[in-house]
Amino acid sequence: MEKMSRVSTALGGGGGGAVSGRTMFCHLDAPANAISVCRDASQVVVAGRNIFKIYALEDDQFVEKLNLRVGRKPSLNFSCADVMWHQMEENLLATAATNGAVVTWNLGKPSRNKQDQLFTEHKRTVNKVCFHPSEVHMLLSGSQDGFMKCFDLRKKESVSTFSGQSESVRDVQFSMKEYFTFAASFENGNVQLWDIRRPDRYERMFTAHNGPVFCCDWHPDDRGWLATGGRDKMVKVWDMSTTRAKEIHCVQTIASVARVKWRPERKWHLATCSMMVDHNIYVWDVRRPFIPFATFEEHKDVTTGIAWRHQHDPYFLLSGSKDSTLYQHMFKDASRPVDKANPEGLCFGLFGDLAFAAKESLISSEANRKPYPGGDRRYPIFFFKKPDLTEQFAHVSSALSVFETGLESGRMDWFSRTARRYLLCGKPFAELCDHNAKVAKELNRPQVSTTWTMVRIMFSDPANPNLSAKLGTLPLMNSFSMKDMGACPDMGACPDMGACPAERGKEGRSDAAHLEPGTSHISNNDDNEETEGSDGQAEYMFGDAELDDDDLYSVEHDNPAEDQEYTLPQEAFPLRHEILDNPSAPEPLQQDKAESPHVSGGEAEATCLTPIESCSLISATQPLYSAHLPAGFFCPVVRDMLRYYAEQGDVQMAVSVLIVLGERIRKEIDDLTQEHWYTSYIDLLQRFELWNVSNEVIKLSTCGAISCLNQTSTTLHVNCSNCKRPMSNRGWVCDRCHQCASVCAVCHHVVKGLFVWCQGCSHGGHLEHMMHWLKSSPHCPAGCGHLCEYT
Amino acid sequence: MVSVINTVDTSHEDMIHDAQMDYYGTRLATCSSDRTVKIFDVRNGGQILVADLRGHEGPVWQVAWAHPMYGNILASCSYDRKVIVWKEENGSWDKMYEYTGHESSVNSVCWGPYDFGLILACGSSDGAISLLTFTGEQQWDVKKISNAHTIGCNAVSWAPAVVPGSLVDQPSGQKPNYVKRFVSGGCDNLVKLWKEEDGQWKEDQKLEAHSDWVRDVGWAPSIGLPTSTIASCSQDGRVFIWTCEDPTGNTWTPKLLHKFVDVVWHVSWSITGNILAVSGGDNKVTLWKESMDGQWACISDVSKGQGAVSSITDTQQSEQ
């Protein structure tokens with residue numbers, strides 16, 4: 001025994017003292033199967049198929065102390081599946097050999113070969129050896145052959161054999177609490193409890209896992225808690241102190257659980273590693289079974305053995321791996337998945353609502369609670385005094401709320417309502433604008449409403465608001481400009497209009513400004529006041545507009561013609577008096593238009609009736625108009641306005657105005673932008689499930705790429721009428737028989753226009769011909785004998 | 001001004017990491033550390049649990065809804081290194097595809113614009129980004145960008161199909177060939193833009209401004225907007241708005257939205273791309289809007305509903 005103590009002192013100054021060190025590793029000669037630490041945490045033994053060595057744990061490195069594989073031809077007895085260092089007898093080790101031998105080693109032996117006892121009673125690999133925690137000479141083994149054997153190291157043979165009924169034993173562990181009890185885990189998923197004094201029958205058995213139970217570990221504090229890990233990727237904690245084993249915690253890991261070890265000084269923590277796929281070591285808090293408390297990710301291959309360095313130190317973990325390394329992991333260097341985890345979820349909903357999930361505050365819920373309710377006295381007192389913040393890892397949950405943002409600009413209610421109610425076609429231009437302006441006003445969007453009115457004024461022609469008239473807008477503008485030039489030298493109209501988008505911009509900002517303090521409603525007045533304040537020249541123009549708006553909406557339906565008169569002043573052109581002088585000439589026009597909106601002669605006729613337009617009438621050709629005012633006089637303004645709306649996210653407005661204005665504005669905006677607006681708007685409409693509106697927009701769009709959207713969703717499969725095989729190419733010539741496939745079976749001419757064909761025989765022809773033929777004969781006109789049917 | 005319209009009792013057993021509304025705003029998918037994904041019908045302020053998807057073996061970090069033209073499809077990614085694509089058929093949700101090609105936790109998933117078909121980008125802690133494309137008949141094509149972000153990728157977000165400038169030189173009337181692009185953020189403090197060229201994914205841009213892990217990135221929907229905009233947020237508390245007015249997409253300029261005191265976890269754009277919601281470590285959400293002069297201003301704050309929270313905590317305590 002003298003030598004024993006000498007060895008231990010030499011190997012690292014036995015007993016006590018604070019453990020120190022850092023995360024470190026060393027390369028082994030071969031993959032490790034198991035590791036075990038001596039009691040004073042100064043040395044570690046690594047055992048594997050081709051390795052059996054002792055390393056000293058120094059502050060910053062592992063130092064190889066002893067190689068136990070000696071002799072020229074090391075016997076299979078050296079090939080270890082498991083190893084355990086005796087926790088009381090410092091020089092005593094036991095290994096489980098893959099050949100079925102149980103070997104003990106005495107480091108105190110003077111010879112190079114330290115082998116002490118050899119028990120060759122098991123017939124197959126021994127998976128596990130375990131020393132009794134307090135009985136020095138008692139050793140337990142569990143083997144693949146289904147037996148567990150108890151050895152008294154003072155005797156040459158096992159003292160008792162326990163039969164697992166032909167099921168392979170994966171792990172055996174002496175209880176910390178019951179002197180005579182040990183637990184054994186089996187490949188069939190069972191766990192058995194045995195009394196060491198009664199080898200005839202187990203005391204208790206229960207099914208712990210689906211599939212093999214690879215490992216089990218008793219809680220170091222004698223609580224009667226047993227943790228088991230299985231191939232089913234679960235770690236379960238059982239309370240064995242009751243009559244029935246009760247599952248109290250269950251942790252699901254990513255891969256099968258090969259080893260499980262309770263963390264010292266932490267009631268709820270345990271470490272696990274896997275034998276497949278996953279190379280990491282996880283430390284779990286069993287109360288929070290979903291996410292590892294900490295992980296060690298250093299190993300490059302499967303971790304085979306884990307051991308806490310000291311039985312009272314929770315900060316050092318040792319591990320051996322198939323990657324032939326031995327690691328010391330420091331807890332402070334562990335990765336904490338929870339710290340990386342996103343504690344919040346945030347999503348903007350379609351309607352401008354906001355879903356927000358957030359973690360409950362840890363601190364507030366923990367503050368009133370003892371660190372460990374029903375705390376165990378056995379914990380060192382300092383642990384209670386200093387609840388380490390980094391060690392706090394209690395159950396966390398989240399609250400999920402859906403918020404209404406309450407911002408007009410953020411909510412999307414208006415969108416679908418507006419989309420549903422807007423009129424984009426089917427009525428004269430001015431009416432469309434008025435209708436849309438009204439819709440916008442009713443939805444409390446004064447800015448949009450005003451824009452619609454403006455658009456109407458800019459482009460409508462009191463003489464000829466007929467949409468179908470190509471240059472219908474021109475006469476009005478012309479008359480304007482002519483009077484304008486004469487009466488108002490400062491070109492009042494143009495700068496004013498040019499200023500509009502900017503003013504809207506201000507309104508936009510005022511929206512935001514108003515919203516912040518809490519007013520969600522913005523009245524038209526506010527905006528106008530704002531504008532007045534900032535733009536002296538324009539002030540009365542907006543004032544007028546407002547008044548007129550009111551009038552406008554009250555009388556609109558009764559007398560559309562009157563509207564038009566009244567709204568003209570809204571433009572605030574200095575020459576509005578002249579327009580007011582306009583006699584009620586538009587009235588007959590309106591009737592005319594209503595009755596026959598497509599009369600092509602209406603344009604000239606109508607303009608005749610308007611005295612003010614007489615000059616235009618005389619020169620009823622385009623070149624003359626453009627000499628006074630180009631067709632796109634307002635177009636740049638409108639273009640900028642549409643851009644502004646689009647940039648504000650109101651692509652609806654941009655597209656609606658685009659459609660309503662049609663040819664008047666289209667050329668001003670490049671095709672790509674238009675297409676972008678259209679696609680954006682259609683996407684939005686579809687998100688809001690406004691299929692009809694979206695379809696209408698597609699139909700009304702003039703972009704090639706957009707209007708073909710509806711076509712591309714319809715596919716027509718055609719067979720060649722000659723060879724009866726499917727037409728593969730797009731044209732009308734069959735690529736197999738090289739004949740035109742669309743020849744009328746009745747008149748033998750190529751069909752241009754409506755083509756009807758029989759789906760049975762692929763013959764067909766002009767719709768009329770086919771109808772006529774099939775009235776008199778049920779047979780196919782091509783003479784193929786097929787009984788075609790036309791319904 | 002901001003009011004809770006619905007507090008959803010998710011009955012998740014652990015922290016919720018993501019919540020996503022579907023395309024029509026009718027369903028809400030949540031995912032949690034408790035390994036489950038739950039789907040709630042939230043129409044008319046209701047909250048009906050319609051599905052509880054179990055299949056992950058670790059915390060589920062993020063969920064993403066696919067465009068409904070492909071059916072009801074949800075993707076989820078998890079700590080267990082898996083990406084699962086779930087599909088609803090005849091009212092029941094089943095696994096449609098399981099991708100196990102990452103070597104570490106998968107942190108982010110995002111479906112590409114529907115114009116590209118069913119394509120999913122996944123960012124993982126192993127530093128790689130995977131692009132999974134459904135090719136029909138239960139087949140998925142996998143492309144992997146290895147080492148996209150050293151240490152790990154935290155977030156991915158697709159560019160809208162119609163990025164301004166992406167339509168250049170297309171014959172009109174023909175469906176243009178959009179360029180597939182997305183943005184990613186990672187533990188290397190970088191925001192990176194990726195572009196597909198000849199079927200290969202290439203790094204297009206590398207945006208440097210953050211001084212710590214980038215937690216989330218969001219490419220703004222381009223509803224009529226003339227510029228491309230990306231928001232990024234980071235562990236360093238900063239949120240940047242990146243804009244590119246250059247049609248070739250080469251010049252991106254950052255603008256600091258705000259420097260928060262704590263980690264900023266999420267950025268989320270409104271449907272029209274003009275309001276940005278930002279959520280930070282202080283459990284607060286702020287809404288930001290760009291003013292006319294190009295400055296970003298906070299227009300609202302949202303704190304989580306305290307009432308509901310405390311009651312949940314109480315039940316927990318009694319459970320313990």
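These figures come from a predicted structure and were not determined experimentally.

**Q** Any chance you could explain the overall build of chain A here in plain terms?
**A** Scanning chain A for helices and strands turns up 24 helices and 33 strands. When burial is assessed residue by residue, chain A has 56% of its 791 residues classed as buried. Expressed as a percentage of contacts within chain A between residues at least 6 apart in sequence, the contacts between residues at least 24 apart total 53%. Working note: accessible area of chain A is about 34200 Å², and carbon and sulfur atoms make up 51% of it.

**Q** How do you make sense of the sheet that holds strand E8 (residues 83-89) of chain B when you look at a structure like this?
**A** Strand pairing in a sheet takes place through backbone hydrogen bonds and is either antiparallel or parallel in direction. All names here are of chain B. The antiparallel open sheet is built from four strands, whose spatial order is E6-E7-E8-E9. Every interior strand has two partners, whereas the edge strands, strand E6 (60-65) and strand E9 (92-99), have only one. Across the sheet, the mean angle separating the axes of adjacent strands is 25° when strand polarity is ignored. By the bridge criterion, seven bridges tie E8 to E9 in an arrangement that is antiparallel. Within the sheet, the bridge partner assigned to valine 83 lies in E9 and is tyrosine 99.

**Q** I tried to follow a nonpolar patch on the surface on my own but got confused; where do I start?
**A** Together, Met275(A), Met276(A) and Val277(A) make up an exposed nonpolar region whose accessible area comes to about 300 Å². Tracing the sequence through the fold places Met275(A) in the loop between strand E23 (269-273) and strand E24 (281-285).

**Q** Can you help me understand the UniProt feature "repeat: WD" (unreviewed entry) in chain B in this one?
**A** UniProt's feature table lists "repeat: WD" (unreviewed entry) at residues 9-50, 53-87 and 207-242 of chain B, given in the numbering used throughout. End C-alpha to end C-alpha, residues 53-87 of chain B measures 10 Å, and it is 0% helix and 54% strand.

**Q** Honestly, the pattern of salt bridges in this entry has me stumped. Any pointers?
**A** Side-chain pairs of opposite charge can arise whenever the charged atoms involved come near each other. Residues and elements named next belong to chain A. For the coordinates displayed, the defined rule picks out 36 salt bridges over all chains. The partner of arginine 170 in a salt bridge is glutamate 187, with the nearest N and O atoms 2.6 Å apart. Of the two residues, arginine 170 sits in strand E14 (residues 169-174) while glutamate 187 sits in the loop between strand E15 (181-186) and strand E16 (190-195), which places them 17 residues apart along the sequence. Since its relative accessible area comes to 25%, glutamate 187 is described here as partly exposed.

**Q** Just checking my understanding: could you explain the packing of helix H18 (residues 635-647) of chain A against helix H19 (residues 651-661) of chain A for this structure?
**A** Between two packed helices, what matters for the description is the angle formed by their axes and the separation of those axes. All names here are of chain A. Relative to each other, H18 and H19 sit at 150°, their axes nearing to 6 Å. As summarised for this structure, H18 and H19 are arranged roughly antiparallel, according to the angle between their axes. Like other packed secondary-structure pairs, H18 and H19 cross with a definite hand, here left-handed. Here Val638, Met641, Leu642, Tyr645 and Ala646 of H18 come into contact with H19, specifically with Val651, Met653, Ala654, Val657, Leu658 and Leu661. Of the residues contributing to the contact of H18 with H19, the split by class is eleven nonpolar, no polar and no charged.

**Q** Looking at this model, I keep getting lost on the confidence of the model for chain A. Mind explaining?
**A** Do not read the fine detail of predicted coordinates wherever pLDDT is low. Residues and elements named next belong to chain A. On average, residues of chain A carry a pLDDT of 72, and 66% of them reach 70 or more. Contacts of residues 1-17 to residues separated by more than four positions or lying in other chains number 22 contacts, the stretch itself having pLDDT below 50. Note that pLDDT drops below 50 for residues 463-628; the model gives that stretch 215 contacts with residues more than four away or on any other chain.

**Q** Please clarify how the sheet that holds strand E17 (residues 204-207) of chain A should be interpreted in this entry.
**A** Residue and element names in this part refer to chain A. Spatial strand order, E14-E15-E16-E17: four strands in an open sheet with antiparallel pairing. Either end of the sheet is taken by a strand with one partner, and the two such strands are E14 and E17. Direction aside, neighbouring strands of the sheet carry axes that sit 15° apart on average.

**Q** When you look at the pairing of strand E23 (residues 275-280) of chain B in this model, what are you seeing that I'm missing?
**A** In summary, the side chains of a regular strand alternate between the two faces of the sheet. Residues and elements named next belong to chain B. Where burial is concerned, most of E23 is hidden: six out of the six residues are buried. Of the two faces of E23, the one holding Ile275, Ala277 and Ser279 and the one holding Leu276, Val278 and Gly280 are both buried throughout. With five bridges joining them, strand E22 (residues 264-269) and E23 adopt antiparallel strand pairing. Note on E23: the bridge partner recorded for histidine 266 is serine 279. Two successive antiparallel strands, E22 and E23, enclose a turn made up of five residues, where glycine 273 displays a positive phi of approximately 75°.

**Q** Before we go on, may I ask you to explain the packing of aromatic side chains in this structure?
**A** Geometrically, a pair of aromatic rings is defined through the distance of the ring centres and the angle of the planes. Inspection of the entire model under this criterion finds 35 aromatic pairs over all chains. Aromatic pair Tyr282(A) and Trp284(A): ring centres 5.8 Å apart, planes at 40°, arrangement tilted. Ring plane angle 75° and centroid distance 6.1 Å describe the contact between Trp65(B) and Trp93(B), whose orientation is recorded as edge-to-face. Of the two residues, Trp65(B) is situated in strand E6 and Trp93(B) in strand E9; the sequence distance between them amounts to 28 residues. Here Trp65(B) falls in the buried class, since its relative accessible area comes to 13%. Take Trp93(B): its relative accessible area is 11%, and that puts it in the buried class. By the ring-pair criterion, three or more aromatic residues cluster together here, those being Phe162(A), Phe174(A), Phe182(A), Trp194(A) and Tyr202(A). One Lys or Arg, Arg201(A), reaches over the ring of Tyr202(A) and ends 4.8 Å from the middle of that ring. Taking the ring centre of Tyr23(B) as reference, the NZ or CZ of Arg687(A) above it sits at 4.4 Å.

**Q** Help me understand the side chain of Arg204(A) in this model?
**A** Residue and element names in this part refer to chain A. Following the sequence through the fold, arginine 204 ends up in strand E17. Here arginine 204 occupies a buried position and makes no salt bridge, while the nearest side chain of opposite charge, aspartate 239, is found at 7.4 Å. Of the polar contacts made by the side chain of arginine 204, one reaches the backbone oxygen of methionine 240; its length is 3.4 Å. Each residue touching arginine 204, except ones within four places of it in the same chain, is listed here: Val191, Gln192, Leu193, Met240, Thr242, Thr243, Arg244 and Ala245.

**Q** Whenever I open this one, unusual backbone geometry confuses me. Can you help?
**A** If a residue is not glycine, its phi is most likely negative; likewise, a peptide bond is most likely trans. With a phi close to 65°, Ala41(A) is a non-glycine residue in the positive phi region. You can see Ala41(A) is positioned in the loop between strand E2 (34-37) and strand E3 (43-47). A positive phi angle, near 50°, is found at Asn147(B), a position not held by glycine. Structurally, the position occupied by Asn147(B) is in the loop between strand E13 (139-145) and strand E14 (153-158).

Cut-offs and rules
- Residues numbered from 1 in each chain as written.
- Chains lettered and ligands numbered in written order.
- Predicted model: local features only at pLDDT ≥ 70, side-chain atom pairs only at ≥ 80, totals over all residues.
- Heavy atoms only, no water.
- Helix = DSSP H or I, 4+ residues; strand = E, 2+ residues; numbered from the N terminus.
- Buried < 20%, exposed > 50% of the residue type's maximum accessible area, 1.4 Å probe, protein only.
- Contact = heavy atoms within 4.5 Å.
- Areas by Shrake-Rupley, 256 points an atom, 1.4 Å probe, with all protein chains shown as cover.
- Pairing = 2+ DSSP bridges.
- Axes fitted to C-alpha atoms, helices over the stretch in contact; angles between N-to-C directions.
- Patch = residues over 30% accessible without salt bridge, like charges linked within 9 Å, V, L, I, M, F, W, Y side chains within 5 Å.
- Salt bridge = Lys/Arg side-chain N within 4 Å of Asp/Glu carboxyl O.
- UniProt positions renumbered as here; feature names shortened; annotations may be inferred.
- Parallel < 35°, antiparallel > 145°, perpendicular 65-115°, else oblique.
- Left-handed = near helix turned anticlockwise from the far one by under 90°.
- Nonpolar A, V, L, I, M, F, W, Y, C, P; charged D, E, K, R; others polar.
- pLDDT = per-residue confidence, 0-100.
- Phe/Tyr/Trp six-rings, centres within 6.5 Å; stacked < 30°, edge-to-face > 60°.
- Lys NZ or Arg CZ within 6 Å of the ring centre and 35° of its normal.
- Lys, Arg positive; Asp, Glu negative; His and termini not counted.
- Polar contact = N/O pair within 3.5 Å; in protein donor to acceptor, adjacent residues only side chain to side chain.

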